[in-house]
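Fold and geometry: a report
The primary structure of each chain is shown beneath.
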Amino acid sequence: MKNILVTGGNGQLGQALQKVAGDYPQFNLLYTDYQDLDITDADALAAYFAAQQIDACINCAAYTAVDKAEEDEDKAFLLNFQAVLSLAEICAQYNAQLLHISTDYVFSGKQNLPYTESDDTDPESIYGASKVRGEAAAAGYNPDTIILRTSWLYSEFAVNFVKRMKQLMQEKQELNVVFDQTGTPTYAGDLAKAILDILQYKSANPDAAIGGVYHYSNEGVTSWFDFAVTIKEMTNATTAIYPVTSDKYKTAAKRPAYSVLNKEKIKSTFGITIPYWRDSLAQCLKNI
């Protein structure tokens, strides 16, 4: 049985991994959060790896307060860059596979074709910049690292767009939602399965050189407005939802206007089938 360290185990993706882990009995997932393991503390990481036989690490831990990061740059870079470098170093030392979660915010959102893994990064926020540095640190120190970029993550766990919209539709008669930001929602349950499928592939093919960047979101394309309208339809809500442009909804951090991810690489490399976003949304709402 493989021992897999999961950092950020209490977050959306960490909880999603806990939910699907039973389908992968060959893996023993060790869930930690900052109370159990401070990944910004290199000594704490060294002690943990020395005490445990870690075969792989799924780094779900991140500073994800996108707007707050504009004023809290040091903390964002500490968790999204320096801690990732420490993880890459310790994983290389113990020959443990590192799978690091990244984001569509590494792109500017100025193009109109789905982003491939080889497209240049050009973040327009502190959060995005810190994630770019983290990617570079992980891949630069340990080329075997798997970097998995995702977008618009939601689930039945924690705080996210789907749960927030569902709540607001119970409280308000009208909502304004931006329609000039386009991307693809990602159900954390689907992403969790993809992650464990990748590690299962690596376990079955230990000599396969699969390090590098991969993209994963659900299939399809939508806007935040259409995402909200679909939530309304699937929950039979009666709230009126109006489309607005981003300049009507000011945020500290700039969001990518277009962040659709091309997923051909992950599908062809690992044989992963990706569900359509509306189907996964329906499943999530059923679980909620």
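In case you missed it, the structure is sitting above this.
Read on for an overview of the structure. For every chain, the first residue of the written sequence is number 1, and numbering continues from 1 along that sequence. Given that this is a predicted model, residues contribute local features only at a pLDDT of at least 70 and side-chain atom pairs are listed and counted only at 80 or more, while totals for whole chains, interfaces and linings are drawn from all residues. Here the side-chain values reflect all heavy atoms present in the structure, with hydrogen atoms and water set aside.

Brief notes about the packing of aromatic side chains
Only Phe, Tyr and Trp rings are paired, with Trp represented by its six-membered ring, and only when their centres lie within 6.5 Å; those with planes under 30 degrees apart are stacked, over 60 edge-to-face, the remainder tilted. Enumeration over the complete set of coordinates arrives at 15 aromatic pairs. Between W152 and F227 the ring centres are 6.5 Å apart and the planes differ by 20 degrees, which places this aromatic pair in the stacked class. Of this pair, W152 sits in the loop between β5 (146–150) and β6 (153–154) while F227 sits in helix α7 (residues 224–235); the two residues are 75 residues apart in sequence, bridging distant segments of the chain. Across the pair, F227 and W152 agree in class, each one buried. Numbering goes from the N terminus for both helices and strands, where a helix is a DSSP run of H or I of at least four residues and a strand is a run of E of at least two. Here the term buried applies to any residue with accessible area under 20% of the maximum for its type, exposed to any over 50%, and partly exposed to those in between, with areas from a 1.4 Å probe on protein chains only.

So, helix α3 (residues 73–93)
The end-to-end C-alpha distance of α3 is 29 Å, a good match for the 30 Å that 21 residues give at a rise of 1.5 Å each. Note on bend: at a given residue it equals the angle between the axes fitted to the 7 residues ending there and to the 7 starting there. Most pronounced at L79, the bend in α3 amounts to some 30 degrees. Those residues of α3 that sit buried are A76, F77, L79, N80, F81, A83, V84, S86, L87, A88, I90 and C91. Positive phi appears at N95, one or two residues downstream of α3, with a value of about 55 degrees. In this analysis, the expected span of each helix is defined as 1.5 Å times one less than the number of residues it contains.

Thoughts on the side chain of T184
As for its placement among the helices and strands, T184 is situated in the loop between β8 (182–183) and β9 (186–187). Residue classification places T184 among the buried positions, given a relative accessible area of 0%. Contacts are residue-level and defined by heavy atoms, with any inter-residue pair within 4.5 Å sufficient. If near-sequence neighbours (up to four positions away) are discounted, T184 is found in contact with S151, W152, S217, N218, E219, G220, V221, V260 and W277.

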